[in-house]
Amino acid sequence: MDTIVNDFTINIATANGTGSQSANLILLQSLFDMGVPVSGKNLFPSNISGLPTWYIVRLSDQGYQAPGDRTHVQVLVNKATWEEDLASLEPGSVVVWNTDSKMPMDRTDVFSYPVPMTKLARSLSPKLAKLVTNIVYVGVLAEILGITDEALHKAVEGQFKGKASAIELNKTALELGRNHAKENYTKGDPYVVEERPIEKDRFFFEGNEAVALGCIFGGVQLLAWYPITPSSSVAEGIIGWIPRLRTNDEGEANCAVIQAEDELAAAGMIIGAGWAGGRGMTATSGPGISLMQEFIGLAYFAEVPCVFWDVNRVGPSTGLPTRTQQSDLAMLYEGSHGDTQHIVIMPGTVEECFEFGWKAFDISERYQTPVFGLSDLDLGMNRWACEGFTYPDTPMDRGKTIREKDVFEAMENFGRYRDVDGDGIPYRTLPGSGMAPILYRGTGHNPDGVYSEKPDDYFNLMARLKDKINRARDDLPAPILREEVEGEIGVVYFGSMENTIQEIDDMLEATGIKVSQCRVRSLPIHSEVESFIRRHKTTIVLEINRDGQLWGILRRELPNDIVSQVHSVAYSDGMPPRARIYADLILETIKEASQ
Amino acid sequence: MSEKPARAIKLNVINEPKENYKGGPSSLCPGCGHDQISNVIITAAWENGIEPHRIAKMSGIGCSSKTPAYYLGQSHGFNTVHGRMPSVTTGAYAINKDLLYLGVSGDGDSASIGIGQLIHAIRRNMDMVYIIENNGVYGLTKGQYSATADIGSKKKKGKPNETQPIDLCALAINLGCTFVARSFSGSKKQLTSLIKAAMSHKGFALIDVISPCVTFNNNDESMRSYGYVKDNEVTLHMADYIPHFEPVTEVEIPEGHFTDITLHDGSTIRLETISDSHDPSDAMAALTALHQAEVGKKHVTGLLYFDSSKPSLAEDLGLVSTPLLDVDASDLRPSEDMLKQMNSEFLGR
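Residues numbered from 1 in each chain as written. Chains lettered and ligands numbered in written order. Predicted model: local features only at pLDDT ≥ 70, side-chain atom pairs only at ≥ 80, totals over all residues.

Things to note about the overall build of chain A
(1) Moving on: Check the secondary structure of chain A and you find 20 helices and 24 strands.
(2) Moving on: Taking 2.2 N^0.38 as the reference for a compact globule, 595 residues should give roughly 25 Å; the C-alpha atoms of chain A span a radius of gyration of 27 Å, in line with that estimate.
(3) Moving on: Scored against the burial criterion, the 595 residues of chain A give a buried share of 53%.
(4) Moving on: If you take every contact in chain A between residues at least 6 apart in sequence, the share linking residues at least 24 apart comes to 74%. (Helix = DSSP H or I, 4+ residues; strand = E, 2+ residues; numbered from the N terminus. Rg over C-alpha atoms; globule rule 2.2 N^0.38 Å. Buried ≥ 20, exposed ≤ 12 C-beta atoms within 10 Å, placed from the backbone. Contact = placed C-beta atoms within 7 Å.)

And the structure:
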């Protein structure tokens with residue numbers, strides 16, 4: 001039988017809260033350290049302990065990071081999903097299963113590796129048997145697939161840094177699993193791991209962690225937040241970095257953290273911070289943004305800088321709290337009642353999570369308006385290969401904030417909301433400064449910030465706000481383009497779809513269709529997106545949602561003559577995007593479009 | 001003929017005329033209790049010698065929340081959204097803890113839509129003065145009952161209120177609020193002393209001011225009408241505020257029993273006891289006084305509860321002594337070397 005090298009998917013079915021996550025991360029890290037292009041996806045339930053959880057590891061020499069279309073190697077530990085998981089396997093798959101679970105294993109068309117995981121684990125530590133069970137299957141997999149001890153040990157040492165007894169226990173458990181496999185099986189399946197030369201130094205990093213670090217380097221001064229999956233690790237990341245990066249020798253921090261009573265209060269706090277002249281941010285998910293709507297309108301209308309990070313989960317309502325989606329885009333872009341329009345920046349890689357983390361504050365202070373960072377559960381909570389973070393290439397932009405009296409006195413015709421420079425952005429003074437005090441308000445106001453219901457004042461104010469945001473578009477992160485010279489078909493997408501796009505592209509190419517890619521990274525739409533669409537006969541807008549939200553925005557904002565060229569492919573079932581589904585939908589759509 | 005000498009303008013301790021503490025003309029109904037409170041705020045800030053631009057005027061939505069336009073015209077202010085002034089204030093405070101945050105709110109703001117934010121600001125012991133202009137009614141929307149309306153209170157039209165009111169002072173005491181007082185918009189002297197003391201307090205100072213609505217809630221059966229309060233007010237004590245720049249020894253000591261409470265900046269609030277001696281450090285006594293007043297259909301006014309021992313939010317946040325607003329950019333953004341070092345640490349992990 002021919003071997004299949006570095007091109008298969010491992011699925012590990014366990015129960016939540018059994019400690020399988022650390023074992024799975026050791027497996028992932030050891031493959032990564034062997035130079036194998038690999039990605040891991042944690043499919044976890046909204047639960048603390050007991051419900052089913054799956055960890056999917058995809059090895060791909062092509063660098064594909066999506067979960068793949070099928071499972072090749074199945075690890076069965078969880079009784080609750082046992083039968084379903086087993087039934088869904090294609091013939092020829094590998095099954096590593098816990099014989100101590102007393103569950104049936106009646107498939108004869110698969111490669112079966114029975115392991116008394118619980119007994120082996122108990123023999124090592126009766127007390128910690130549940131935890132050790134997970135490491136035992138990693139040891140078995142290592143032997144079957146060919147993962148080196150060197151890589152495993154390095155991963156264990158990294159995972160349990162400094163905890164000598166935990167390192168020892170895990171290494172022994174790995175050995176137990178490996179020896180069991182050595183003594184009991186002859187390899188019959190084709191799946192093999194092979195070491196690859198490491199060309200670039202890279203490390204694993206979660207998107208949320210990267211956003212947090214970016215915010216720290218962006219000079220965040222107030223983090224106000226309310227815990228919500230899948231964004232909590234952004235806030236916890238910031239809290240974790242403050243002692244090292246934002247605290248003086250006396251142990252005093254220069255970044256405040258307040259866990260708010262709810263998302264409304266978190267929004268109010270960061271608006272208060274922006275009003276007082278500081279850099280305030282919150283991290284939340286869709287339900288939190290829904291609650292913040294009224295405040296978002298206030299920040300837009302009163303022109304107060306503040307930064308919101310939305311780590312998108314599946315909606316509507318409570319939805320699927322631990323699954324991924326790109327469905328908050330439209331809400332962010334037009335958040336709050338009345339006519340509004342907001343700046344949204346959408347990272348697609350961990351490097352960008354860091355970059356947009358610091359940039360969001362500069363954009364927000366420059367334009368005196370709320371800025372939304374949009375990530376999602378897939379990008380935010382999974383580990384991605386990262387080439388390292390790049391230091392901000394521009395100093396902090398504090399915008400048109402007048403801090404010195406002489407500057408203020410030299411200004412002619414100052415008014416808090418007067419467009420002195422003709423760029424739509426007025427100047428502001430800060431509370432406590434004694435300069436041009438006004439009562440900020442969410443009510444209509446004239447250029448001096450005084451309450452007004454005059455038709456001209458309202459009309460001009462709304463027109464200036466629109467103009468201000470409109471002018472920002474080409475100052476925001478430009479789209480990333482990968483263009484085919486003679487491509488007739490363009491694919492526009494955003495965010496975490498970045499991690500699946502190449503596989504989709506290759507699938508399309510296998511059918512003879514070459515497509516160009518355009519990854520949108522900000523709203524309002526950059527002018528380069530329009531020119532990309534113009535260069536292609538047909539453009540597909542690819543999104544992980546039901547309604548095609550980005551497509552909707554494009555259709556409304558693009559010039560009429562190209563609107564009919566733009567087609568939507570939107571699909572979401574809660575899972576991270578699988579390339580095959582989107583590729584097939586794109587093919588269908590292209591066919592329809594050409595008719 | 002000789003010219004009349006110009007009348008000397010009275011200045012406060014920082015040489016500011018009272019004029020510099022005034023605001024724009026009020027657009028509330030003539031005779032509104034809120035306007036009296038605005039005047040007291042002007043007097044209190046002026047007499048306390050606070051630089052007007054170092055005050056931040058905060059409010060929510062409602063008749064009361066419009067009043068920041070009518071006082072302290074040299075102060076920045078923020079008329080936020082309904083009931084959410086505490087959170088905006090908390091965020092501003094995190095950035096600039098050196099300003100005096102003066103919040104004005106109403107019973108719709110504080111007892112209904114924003115009761116959660118009020119509770120949590122109290123819980124954090126946020127440094128601010130929080131004045132509730134309490135009239136038991138929604139004025140701007142033309143007279144609906146608020147959550148502080150008394151049972152039996154009657155609108156011009158419709159049924160009398162049958163829902164239990166919320167006593168914000170009792171709530172605050174139960175939450176451990178560190179300064180709780182009740183007053184009446186018509187009691188200028190007492191209210192001035194209380195607001196001045198609240199401005200010197202480090203922590204959350206709540207003053208619930210009964211402020212009759214002349215338009216929608218001034219019928220005599222309402223416990224929040226002007227006539228009713230005048231006739232049924234039980235003053236716990238006469239309060240006299242002695243600012244820190246006037247040493248206590250130089251002040252004429254009033255007759256009778258009195259208690260001095262020292263505030264964090266060294267100023268004193270002197271309570272001359274005229275009823276049973278009320279100890280403001282005794283939460284149970286304060287709650288009892290409120291309960292007895294409720295039973296007797298009266299209002300008890302004065303400083304009900306005071307505790308200077310609790311740390312305020314500033315201490316809890318563990319921040320540098322400079323307000324964050326004034327921290328250098330070089331301290332806010334870690335160095336390039338630090339990022340390089342971290343990148344290499346990530347590689348090794």
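A closer look at the overall build of chain B
(1) Moving on: Looking only at helices and strands, chain B has 12 helices and 13 strands in total.
(2) Moving on: Since a compact globule built from 349 residues should have a radius of gyration of about 20 Å, the 22 Å found for chain B is in line with a globular shape.
(3) Moving on: With respect to the principal axes defined by its C-alpha atoms, chain B has extents near 75 × 65 × 45 Å.
(4) Moving on: A total of 349 residues make up chain B; the buried ones form 53% of that total.
(5) Moving on: A fraction of 70% describes how many contacts in chain B between residues 6 or more apart in sequence connect residues 24 or more apart.

Topic: unusual backbone geometry
Residues and elements named next belong to chain A.
(1) Moving on: In this model, Thr229 is joined to Pro230 through a cis peptide bond whose omega is 5°.
(2) Moving on: Inspection of the secondary structure assignment puts Pro230 in the loop between β10 (222-225) and α8 (232-245).
(3) Moving on: Unlike most non-glycine residues, Asn6 shows phi in positive territory, near 50°.
(4) Moving on: In this fold, Asn6 is placed in the loop between β1 (4-5) and β2 (7-15).
(5) Moving on: Despite not being glycine, Ser317 shows a phi value in the positive range, around 55°.
(6) Moving on: Note on placement: Ser317 falls in the loop between β13 (306-314) and β14 (320-324).
(7) Moving on: Its 8 C-beta neighbours within 10 Å are what place Ser317 among the exposed residues.

Some words on the interface of chain B and chain A
(1) Moving on: At the junction of the two partners, chain B supplies 47 residues and chain A supplies 50 residues.
(2) Moving on: Mapped onto the side of chain B that touches chain A, the elements with two or more residues apiece are β1 (55-59), β2 (76-79), α3 (85-95), α5 (115-123), α11 (329-332) and α12 (336-348) of chain B.
(3) Moving on: By residue number, the principal contributor to the side of chain B that touches chain A is α3(B), which donates eight residues.
(4) Moving on: Split by residue class, the side of chain B that touches chain A holds 23 nonpolar, 17 polar and seven charged.
(5) Moving on: Pairing between strand β18 (residues 439-441) of chain A and β2(B): three bridges, direction parallel. Following the sheet pairing, A:Tyr440 is matched in β2(B) by B:Phe78. (Nonpolar A, V, L, I, M, F, W, Y, C, P; charged D, E, K, R; others polar. Pairing = 2+ DSSP bridges.)

Some words on helix α16 (residues 498-510) of chain A
Residues and elements named next belong to chain A.
(1) Moving on: Helix length check: α16, at 13 residues, gives a terminal C-alpha distance of 19 Å against a target of 18 Å (1.5 Å per residue), a fit within 8%.
(2) Moving on: Inspection of α16 places Glu498, Asn499, Thr500, Ile501, Glu503, Ile504, Asp505 and Leu508 among the buried residues, and these make up the whole buried set.
(3) Moving on: Where the residues of α16 are buried, they touch β20 (489-494), β21 (515-520) and α20 (579-594).
(4) Moving on: Trailing α16 by a residue or two, Gly512 shows a phi angle of about 95°, which is positive. (Expected span 1.5 Å × (residues − 1).)

So, the sheet that holds strand β3 (residues 38-43) of chain A
Residue and element names in this part refer to chain A.
(1) Moving on: Spatial strand order, β3-β4-β2-β5-β6-β7: six strands in an open sheet with mixed pairing. The sheet is open, and its two edges are formed by β3 and β7 (111-115), each paired on a single side. Geometrically, the sheet is characterised by an average inter-axis angle of 15° between neighbouring strands, direction not taken into account.
(2) Moving on: Alignment of β2 against strand β4 (residues 52-60), held across nine bridges, turns out to be antiparallel. Counterpart to Ile10 in the pairing with β4 is Val57. (Axes fitted to C-alpha atoms, helices over the stretch in contact; angles between N-to-C directions.)

Re the nonpolar core
(1) Moving on: By size, the foremost hydrophobic cluster in this structure holds 262 residues, and its most contacted members are A:Val136 and B:Val180.
(2) Moving on: The element best represented in this core is helix α4 (residues 129-145) of chain A, accounting for 10 residues.
(3) Moving on: Aside from chain neighbours lying at most four places away, what touches B:Val180 is B:Cys169, B:Ala172, B:Ile173, B:Leu206, B:Ala286, B:Leu304 and B:Tyr305.
(4) Moving on: Core analysis: the second largest hydrophobic core is formed by six residues, B:Val137, B:Tyr138, B:Ala149 and B:Cys213 among them. (Core = buried A, V, L, I, M, F, W, Y, C linked by C-beta atoms within 7 Å.)

Regarding the packing of helix α9 (residues 263-275) of chain A against α3(B)
Axes are the key here: two packed helices are described by the angle between their axes and the distance separating the axes.
(1) Moving on: Axis separation between α9(A) and α3(B) bottoms out at 6 Å; the angle between their running directions is 45°. When the axes of α9(A) and α3(B) are compared, the pair comes out oblique. Between α9(A) and α3(B) the crossing geometry is right-handed. The residues of α3(B) that touch α9(A), namely those facing A:Ala265, A:Gly268, A:Met269, A:Ile270, A:Ile271, A:Gly272, A:Ala273 and A:Trp275, are B:Ser87, B:Val88, B:Thr89, B:Thr90, B:Gly91, B:Ala92, B:Ala94 and B:Ile95. (Parallel < 35°, antiparallel > 145°, perpendicular 65-115°, else oblique. Left-handed = near helix turned anticlockwise from the far one by under 90°.)

Focus on the domain arrangement of chain A
(1) Moving on: On domain assignment, one finds that chain A holds domain 1 (4-192), domain 2 (205-386), domain 3 (405-474) and domain 4 (480-594).
(2) Moving on: Taking only C-alpha atoms, the centre of domain 1 of chain A and the centre of domain 3 of chain A are 60 Å apart. (Domains from an automatic or database assignment.)

Points about the sheet that holds strand β7 (residues 179-184) of chain B
(1) Moving on: The sheet built from nine strands is open, its strands ordered β18(A)-β2(B)-β1(B)-β3(B)-β4(B)-β8(B)-β7(B)-β13(B)-β9(B) with mixed pairing. With one partner strand each, in any of the chains shown, β18 of chain A together with β9 (233-235) of chain B form the two edges of the open sheet. Here the average twist between neighbouring strands, direction ignored, is 20°.
(2) Moving on: Packed on one face of the sheet, helix α9 (residues 283-295) of chain B meets β7, β9 and β13 (299-306) of chain B and runs near 170° to β13(B).

Let's talk about the environment of B:Pro212
All names here are of chain B.
(1) Moving on: Within the secondary structure, Pro212 is located in the loop between β8 (204-210) and α8 (226-231).
(2) Moving on: Sequence separation between Pro212 and Gly318 is 106 residues, and the spatial gap between their C-alpha atoms is 42 Å.
(3) Moving on: If sequence neighbours within four positions are ignored, Pro212 has contacts with Gly33, Asn135, Asn217, Asn218, Arg224, Ser225, Tyr226 and Val229.

A look at the packing of helix α1 (residues 20-33) of chain A against α4(A)
Residue and element names in this part refer to chain A.
(1) Moving on: α4 packs onto α1 with a crossing angle of 20° between their chain directions and a minimal axis gap of 8 Å. With respect to their mutual orientation, α1 and α4 come out roughly parallel. Taken as a pair, α1 and α4 cross one another with a handedness that is right-handed. Residues Ser20, Ala23, Ile26 and Leu27 of α1 pack against Asn134, Ile135, Val138 and Leu141 of α4.
(2) Moving on: Its residues assigned to classes, the contact of α1 with α4 comprises six nonpolar, two polar and no charged.

Brief notes about the confidence of the model for chain B
(1) Moving on: Summing up the model confidence of chain B, the mean pLDDT is 90 and the portion of residues at 70 or higher is 94%.
(2) Moving on: Predicted as a complex, the structure gets a pTM of 0.95 and an ipTM equal to 0.95. (pLDDT = per-residue confidence, 0-100.)

What to know about the environment of A:Ala463
(1) Moving on: Structurally, A:Ala463 is set in helix α15 (residues 455-472).
(2) Moving on: On the basis of neighbour counts, which here come to 11 C-beta atoms within 10 Å, the residue A:Ala463 falls in the exposed class.

Here's the deal with helix α18 (residues 549-557) of chain A
(1) Moving on: Those residues of α18(A) lying buried are A:Gln549, A:Leu550, A:Trp551, A:Ile553 and A:Leu554.
(2) Moving on: At its buried positions, α18(A) is contacted by α11 (329-333), β20, β21, β22 (522-523), β23 (538-543) and β24 (566-570) of chain A.

Focus: the pairing of β23(A)
It is a general feature of regular strands that their side chains alternate between the two faces of the sheet.
All names here are of chain A.
(1) Moving on: Burial runs high along β23: five of the six residues are buried.
(2) Moving on: Bridging between β23 and β24 involves five bridges; their strand directions are parallel. Paired with Ile540 across the strands is His567, a residue of β24.

Quick word on the environment of A:Ile513
Residues and elements named next belong to chain A.
(1) Moving on: Turning to its location among the elements, Ile513 is positioned in the loop between α16 and β21.
(2) Moving on: Between the C-alpha atoms of Ile513 and Glu488, which are 25 residues apart in sequence, the distance is 9.0 Å.
(3) Moving on: Leaving out residues up to four positions away in the same chain, Ile513 has contacts with Ile489, Leu508 and Ile590.

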